[in-house]
Protein chains: 2
Amino acid sequence: MQAGKPILYSYFRSSCSWRVRIALALKSIDYETIPVNLIKDGGQQFSEEFQALNPMKQVPALKIDGITICQSLAIIEYLEETRPTPRLLPRDPKKRASVRMISNLIAGGIQPLQNLSVLKEVGQEKQLAWAQKTISSGFNALEQILQSTAGKYCVGDEVSMADLCLVPQVANAERFKVDLTLYPTISHINKSLLALEAFQVSHPSRQPDTPPELRA
Amino acid sequence: MQAGKPILYSYFRSSCSWRVRIALALKSIDYETIPVNLIKDGGQQFSEEFQALNPMKQVPALKIDGITICQSLAIIEYLEETRPTPRLLPRDPKKRASVRMISNLIAGGIQPLQNLSVLKEVGQEKQLAWAQKTISSGFNALEQILQSTAGKYCVGDEVSMADLCLVPQVANAERFKVDLTLYPTISHINKSLLALEAFQVSHPSRQPDTPPELRA
């Protein structure tokens, strides 16, 4: 395999894909997007071709440096190790622990419980209440944790991997009509982050596969 | 805060706690266990005292070096950065990516969907089928991924963070009566790992809070 331009398998609305898009944007990594529509054709992630790439049948997947990496946090950590500027993990191990704790809280403790495949299992009637409960429960914890870690952003005043997880999760919260006034710290940080270029160009409303009616 | 002996808030049967116990054992870190019974008293993780420690109301939590870290992967990465011997992440960034991909697949893609709080929501009748489906779906993917990453263990021939995630997840699969003969690679690696001292002393059957009838 040749190491050409990285290829991101992505879905415009996938919050996990958005995390990686922000990392790529912040690090000024030029890449190509191959859209994987999670709804169309019964879900293009279930195609044989895509399953060969990611047996978990999920986006994102990143082809880079001759390998394919799945799982958004694993991708971001790889980018950080191989393209360290600007850094997405602080230098201090204790602050790195805070960044990873918040990232995993969102990526392991909130998002998986409100993703498409789980909501399908839960059923149409109950899915809004389920998603709201899951996100609120995680945000209650997160709001409390941020009291002691946050500066301008989730951990201090530098953008970190935790912020890459926060913004897409807040967007999901908005989709599921979670009352964000209950989470002033989360909301404030989210707003500051959305003002940054990297969070804007990676936004679901500005992707190659964004439907025209949802375009910014 | 003084940096004394680390304190692990743990529940003998929690697969996420077991991950961290293996890391502590492999790195020969002496620590004290404070058991948090997830069942008794309606769940001791819901106590005010514990919520102050981990707002997510989950084990494990590790007090170490004057800080408290929650989320098992964040804890393991911190231990790796501050106590690097023996290493739980390979030196090569591409192999590190494989380790983190597998770790996150289990910690984000399987375990959260079959943990106690989700099963409660799903309800008694459906919870066995739900857990089996979740674990099987993840193991189908994992079995395929391991074809290209595994040596003696999940990634090559050195024990890594991925293995710390694998063994406790296989134990959960056994509890939920998942047919493991479908996953020969997973089963084989699991067996090799269980032969290691660090996986034995950290086993749920040998913890301070293991009920007498479940003791090895």
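Right above here is the structure, for reference.
Residues numbered from 1 in each chain as written. Chains lettered and ligands numbered in written order. Predicted model: local features only at pLDDT ≥ 70, side-chain atom pairs only at ≥ 80, totals over all residues. Heavy atoms only, no water.

Engineer: Break down the overall build of chain A for me, with residues and values.
Structural biologist: Looking only at helices and strands, one finds nine helices and four strands in chain A. The helix and strand sequence of chain A, counted from the amino end, reads β-α-β-α-β-β-α-α-α-α-α-α-α. In terms of C-alpha radius of gyration, chain A reaches 17 Å, essentially the compact-globule figure of 17 Å for 216 residues. Its C-alpha atoms put chain A at 45 × 45 × 30 Å along the principal axes. (Helix = DSSP H or I, 4+ residues; strand = E, 2+ residues; numbered from the N terminus. Rg over C-alpha atoms; globule rule 2.2 N^0.38 Å.)

Engineer: Would you mind going over the relation of the copies chain A and chain B in detail, with residue names and values included?
Structural biologist: The operation relating chain A to chain B is a screw motion whose rotation component is 180°, with 0.0 Å of axial translation and a residual RMSD of 0.0 Å. Here the transformation between the copies is reduced to the relation of a two-fold axis. No C-alpha of chain A approaches the rotation axis more nearly than that of Gly108 of chain A, which lies at 2.1 Å. Looking at the interface residues of chain A, 100% of them are also at the interface in chain B, so both copies use one shared face. (Least-squares fit on C-alpha atoms with pLDDT ≥ 70 in both. Contact = heavy atoms within 4.5 Å.)

Engineer: An account of the layout of surface pockets is requested, with residue identities and associated values reported.
Structural biologist: Residue and element names in this part refer to chain A. Approximately 1200 Å³ is the volume found for the second largest pocket. Lining the second largest pocket are 45 residues, with Gln58, Asn115, Leu116, Ser117 and Val118 positioned closest to its centre. At six residues, the largest contribution of residues to the lining of the second largest pocket is made by helix H5 (residues 116–122). (1 Å grid on protein atoms, 1.4 Å probe; cavity = no way out; pocket = protein on both sides within 12 Å on 5 of 7 lines; lining within 4 Å. Points joined across faces, edges and corners; volume = space filled by probe spheres on them.)

Engineer: Tell me what's going on with the pairing of strand S2 (residues 32–35) of chain A, and back it up with residues and numbers.
Structural biologist: Bridging between strand S1 (residues 7–10) of chain A and S2 of chain A involves four bridges; their strand directions are parallel. Residue pairing in the sheet places Tyr9 of chain A in a bridge with Ile34 of chain A of S2 of chain A. (Pairing = 2+ DSSP bridges.)

Engineer: Summarise the side chain of Thr210 of chain B; cite the residues concerned and give the values.
Structural biologist: Mapped onto the elements, Thr210 of chain B comes out in the segment after helix H9 (197–201). A polar side-chain atom of Thr210 of chain B sits 2.8 Å from the main-chain amide nitrogen of Gln207 of chain B. (Polar contact = N/O pair within 3.5 Å; in protein donor to acceptor, adjacent residues only side chain to side chain.)

Engineer: Pulling in residues and values, what's your account of the pattern of salt bridges?
Structural biologist: Taken as a whole and assessed by the stated rule, the structure comprises 16 salt bridges over all chains. The residue Arg100 of chain B makes a salt bridge to Glu81 of chain A at a minimum N-O spacing of 3.1 Å. Within this pair, whereas Arg100 of chain B is found in helix H4 (residues 93–109), its partner Glu81 of chain A is found in helix H3 (residues 72–82), the two belonging to separate chains. The class for Arg100 of chain B is buried, based on a relative accessible area of 3%. (Salt bridge = Lys/Arg side-chain N within 4 Å of Asp/Glu carboxyl O. Buried < 20%, exposed > 50% of the residue type's maximum accessible area, 1.4 Å probe, protein only.)

Engineer: Quick rundown of empty space enclosed by the protein? Include the residues and the values.
Structural biologist: Applying the stated rule across the entire model yields one cavity of 30 Å³ or more. Here the largest cavity is characterised by a volume of approximately 80 Å³. Lining of the largest cavity is provided by Leu73, Glu77, Arg100, Ser103, Asn104 and Met161 of chain A together with Leu73, Glu77, Arg100, Asn104 and Met161 of chain B. Contributions of two or more residues to the lining of the largest cavity are made by H3 and helix H4 (93–109) of chain A together with helix H3 (72–82) and H4 of chain B.

Engineer: An account of the sheet that holds strand S1 (residues 7–10) of chain B is needed here, citing residue identities and associated values.
Structural biologist: What links the strands of a sheet is backbone hydrogen bonding, and the strands pair in either a parallel or an antiparallel sense. All names here are of chain B. With mixed pairing, four strands are arranged side by side in an open sheet as S2-S1-S3-S4. Edge positions in the sheet fall to strand S2 (32–35) and strand S4 (67–70), since each has one partner strand and no second. The sheet shows a mean angle of 20° between the axes of neighbouring strands, direction not considered. Here helix H1 (residues 15–26) sits on the sheet and contacts S1 and strand S3 (61–64); the angle it forms with S1, its principal contact strand, is near 150°. (Axes fitted to C-alpha atoms, helices over the stretch in contact; angles between N-to-C directions.)

Engineer: Lay out the interface of chain A and chain B in plain terms, naming residues and giving numbers.
Structural biologist: At the interface, 38 residues of chain A touch 38 residues of chain B. Of the roughly 3200 Å² buried between chain A and chain B, counting both surfaces, carbon and sulfur atoms make up 66%. Between Arg100 of chain A and Glu77 of chain B there is a salt bridge, and its shortest N-O distance comes to 3.6 Å. Our count for the contact surface shared by chain A and chain B stands at eight residue pairs in polar contact (both at pLDDT 80 or more). Looking at the side of chain A that touches chain B element by element, the count peaks at eleven residues for H4 of chain A. The class makeup of the residues in the side of chain A that touches chain B is 21 nonpolar, nine polar and eight charged. (Buried area = accessible area lost by both parts, 1.4 Å probe. Nonpolar A, V, L, I, M, F, W, Y, C, P; charged D, E, K, R; others polar.)

Engineer: Explain the packing of aromatic side chains residue by residue, including any values.
Structural biologist: Per the counting criterion, the structure on display carries seven aromatic pairs over all chains. A cation sits over an aromatic face here: Arg175 of chain A above Phe176 of chain A, 5.5 Å from the ring centre. (Phe/Tyr/Trp six-rings, centres within 6.5 Å; stacked < 30°, edge-to-face > 60°. Lys NZ or Arg CZ within 6 Å of the ring centre and 35° of its normal.)

Keep in mind these numbers describe shape, not what the thing actually does.
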